[in-house]
Amino acid sequence: MDSWLSIEVLDGAFAASAWQRAHGDRLTEAALTNGAEQWTWHVHHWGVTLEIEFSSEEKRDRFRSLPAVTAALDAVPDPERGLLVYPGRGGGSGARVPRRPRPLPMSGCGALPTPEEEVSLRLATAQPPGFEVCPAN
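Residues numbered from 1 in each chain as written. Predicted model: local features only at pLDDT ≥ 70, side-chain atom pairs only at ≥ 80, totals over all residues. Heavy atoms only, no water.

Right, let's talk about the overall build of the chain for a bit. Across its full length, the chain holds three helices and four strands. When burial is assessed residue by residue, the chain has 27% of its 137 residues classed as buried. Put simply, 66% of the contacts in the chain that link residues at least 6 apart link residues at least 24 apart. Of the roughly 10,700 Å² that the chain leaves accessible, carbon and sulfur atoms contribute 55%. (Helix = DSSP H or I, 4+ residues; strand = E, 2+ residues; numbered from the N terminus. Buried < 20%, exposed > 50% of the residue type's maximum accessible area, 1.4 Å probe, protein only. Contact = heavy atoms within 4.5 Å. Areas by Shrake-Rupley, 256 points an atom, 1.4 Å probe, with all protein chains shown as cover.)

Overall, antiparallel pairing links the four strands, which are arranged β2-β3-β1-β4 in an open sheet. Two strands lie at the open edges of the sheet, namely β2 (36-43) and β4 (83-87), each paired on one side alone. Between one strand axis and the next, the sheet turns through 10 degrees on average, direction left out of account. Alignment of strand β1 (residues 3-10) against β4, held across five bridges, turns out to be antiparallel. Of the residues in β4, the one forming a bridge with Ile7 is Val85. Packing of helix α2 (residues 57-64) onto the sheet brings it into contact with β1, β3 (47-54) and β4, and relative to β1 it is tilted by some 30 degrees. (Pairing = 2+ DSSP bridges. Axes fitted to C-alpha atoms, helices over the stretch in contact; angles between N-to-C directions.)

A few words now on the packing of helix α1 (residues 16-33) against helix α3 (residues 67-74). Packed helices, taken two at a time, are described by their axes: the angle between them and the distance between them. Running from amino to carboxyl end, α1 crosses α3 at an angle of 170 degrees, the nearest separation of the two axes being 10 Å. If you check the angle between α1 and α3, you find them roughly antiparallel. Residues Trp19, His23 and Leu27 of α1 touch α3, and the partners they reach there are Val69, Ala72 and Leu73. (Parallel < 35°, antiparallel > 145°, perpendicular 65-115°, else oblique.)

What follows covers the side chain of Glu53. As for its placement among the helices and strands, Glu53 is situated in strand β3. Looking at Glu53, its side chain comes within polar contact range of the side chain of Gln38, at 2.4 Å. Ignoring anything within four residues of it in the chain, the contact list for Glu53 reads Asp2, Ser3, Trp4, Gly35, Ala36, Glu37 and Gln38. (Polar contact = N/O pair within 3.5 Å; in protein donor to acceptor, adjacent residues only side chain to side chain.)

Mapped onto the elements of the fold, Glu58 is located in helix α2. Its relative accessible area of 53% is what places Glu58 among the exposed residues. Expressed as a C-alpha distance, the spacing of Glu58 and Ser3, which sit 55 residues apart in the sequence, is 9.1 Å.

Take a look at the structure:
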C-alpha cells in the first residue's frame, strides 16, 4: 500500500521557491535514504508543494521525524500560517477535469427599484356650513 506525504510551503517573509532551493536537496536525499519510492515538486504562484511516496506508513512517519526534515520545516518563510504537512497527495480534489470557477455573487451590482407608494383618493361629500348629520339611533 502506498503512503504519500505532502508538504506545502506558502510564500511569506521570502519566497517559498527560495526555501525550496535551500532545503530541497536535503529533503529529497533524506526521503531517498529512508525508503521513498518517488517524489515530485510542484511550483505554484503561492508557494511550493513536495509530494513523496513511501511503501509504508512506518517509513513515512520515520521520514517525518528526521532532524533534517524538522530543521527544513522550521525554516519555512511563514512558520505560523505558511506550512501544511499531511498524509496523502497534495492539492484539491484529484479530479481529472479541472474545476470551473463558480459565478461571482452579484448581490451588490445594482440597486433594487424603489417601491411605489399606493395613493388612495376619495371624494368628500359637500355639506353646507352649519349642517350636521345626525347619527342613526
